[in-house]
Amino acid sequence: MLFGDEHVRRYEETDGEVGHDWEKGAPCLILTTKGRKTGEDRKFALIYQFDDGDNPVIVASKGGAPEHPGWYKNLVANPEVKVQVKADKFTARARTIEGEERAKLWEKLAAVWPDYNEYAKKTDREIPVVVLERV
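Structural notes, computed from the coordinates.

Some thoughts on the environment of Lys62
With respect to the secondary-structure elements, Lys62 resides in the loop between strand S4 (56–59) and helix H2 (70–77). You can call Lys62 partly exposed: its relative accessible area is 40%. Along the primary structure Lys62 and Asp51 are separated by 11 residues, whereas in three dimensions their C-alpha atoms are 21 Å apart. Of the polar contacts made by the side chain of Lys62, one reaches the side chain of Glu67; its length is 2.6 Å.

Below is the structure:
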């Protein structure tokens, strides 16, 4: 099973042929953010689903930890990100969603990765759901 930097490396080398379909069949993309402190590119392999269009949606769960993951803090500081879904590479603007839109897309993501519901039970924070809108 691929994790971390190795997951990103293999995904990029193969345009997602290796690494897109991950554990339990969950699809992954590569998200590149600018480090909020360093300004350097930071890459992460993350589970996603599409919204009702062609914009990927991701969850900032960090396994239910009490704080948001670093990549989420990065995109809050600088919402322009780069995304790779298989061989499709594009620039996107990250937007955290709320309310009914969040609830609908949370269910879609939890259907692919049921652990998200368990993570939500482990933390007091509302786990952010983020749409990556193509620009």
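Resuming the write-up.
Considerations on unusual backbone geometry
With a phi angle near 50°, Asp15 is a residue other than glycine that sits in the positive phi range. Its place among the elements puts Asp15 in the loop between helix H1 (4–13) and strand S1 (28–34). Phi at Lys86 is positive, roughly 55°, even though this residue is not glycine. By the secondary structure assignment, Lys86 is in the loop between strand S5 (80–85) and strand S6 (88–97).

A short note on the pattern of salt bridges
The final tally for this structure, using the stated rule, is 16 salt bridges. In this structure, Asp15 engages Lys89 in a salt bridge whose closest nitrogen and oxygen atoms are separated by 3.8 Å. With Asp15 in the loop between H1 and S1 and Lys89 in strand S6, the pair connects residues that are 74 residues apart, well separated along the chain. We classify Lys89 as exposed; its relative accessible area is 53%. With a closest N to O distance of 2.4 Å, Asp52 and Lys104 form a salt bridge. Separated by 52 residues along the polypeptide, Asp52 in the loop between strand S3 (49–50) and S4 and Lys104 in helix H3 (residues 99–112) bring together distant segments of the chain. Its relative accessible area of 47% is what places Lys104 among the partly exposed residues. Sharing partners across several salt bridges, the network here consists of Glu6, Arg9, Arg10 and Glu13.

What about the packing of aromatic side chains?
Centre-to-centre distance and the angle between the planes together describe a pair of aromatic rings. Taken as a whole and judged by the stated rule, the model has six aromatic pairs. Ring plane angle 35° and centroid distance 5.5 Å describe the contact between Trp22 and Trp113, whose orientation is recorded as tilted. With Trp22 in the loop between H1 and S1 and Trp113 in the loop between H3 and helix H4 (115–122), this pair connects stretches of sequence that are 91 residues apart. For Trp113, a relative accessible area of 5% gives the class buried. On the numbers, 5.3 Å between centres and 80° between planes, the contact of Tyr48 with Phe50 is edge-to-face. A relative accessible area of 30% places Phe50 in the partly exposed class. In textbook terms, an aromatic cluster arises when at least three aromatic residues are bridged by ring pairs, as seen for Phe3, Trp22 and Trp113. Here Lys24 stacks its cationic end above the ring of Trp113, 4.7 Å away from the centre of that ring. Its end group placed over the ring of Phe90, Arg134 keeps NZ or CZ at 3.7 Å from the ring centre.

Basis of the calculations
- Residues numbered from 1 in each chain as written.
- Predicted model: local features only at pLDDT ≥ 70, side-chain atom pairs only at ≥ 80, totals over all residues.
- Heavy atoms only, no water.
- Helix = DSSP H or I, 4+ residues; strand = E, 2+ residues; numbered from the N terminus.
- Buried < 20%, exposed > 50% of the residue type's maximum accessible area, 1.4 Å probe, protein only.
- Polar contact = N/O pair within 3.5 Å; in protein donor to acceptor, adjacent residues only side chain to side chain.
- Salt bridge = Lys/Arg side-chain N within 4 Å of Asp/Glu carboxyl O.
- Phe/Tyr/Trp six-rings, centres within 6.5 Å; stacked < 30°, edge-to-face > 60°.
- Lys NZ or Arg CZ within 6 Å of the ring centre and 35° of its normal.

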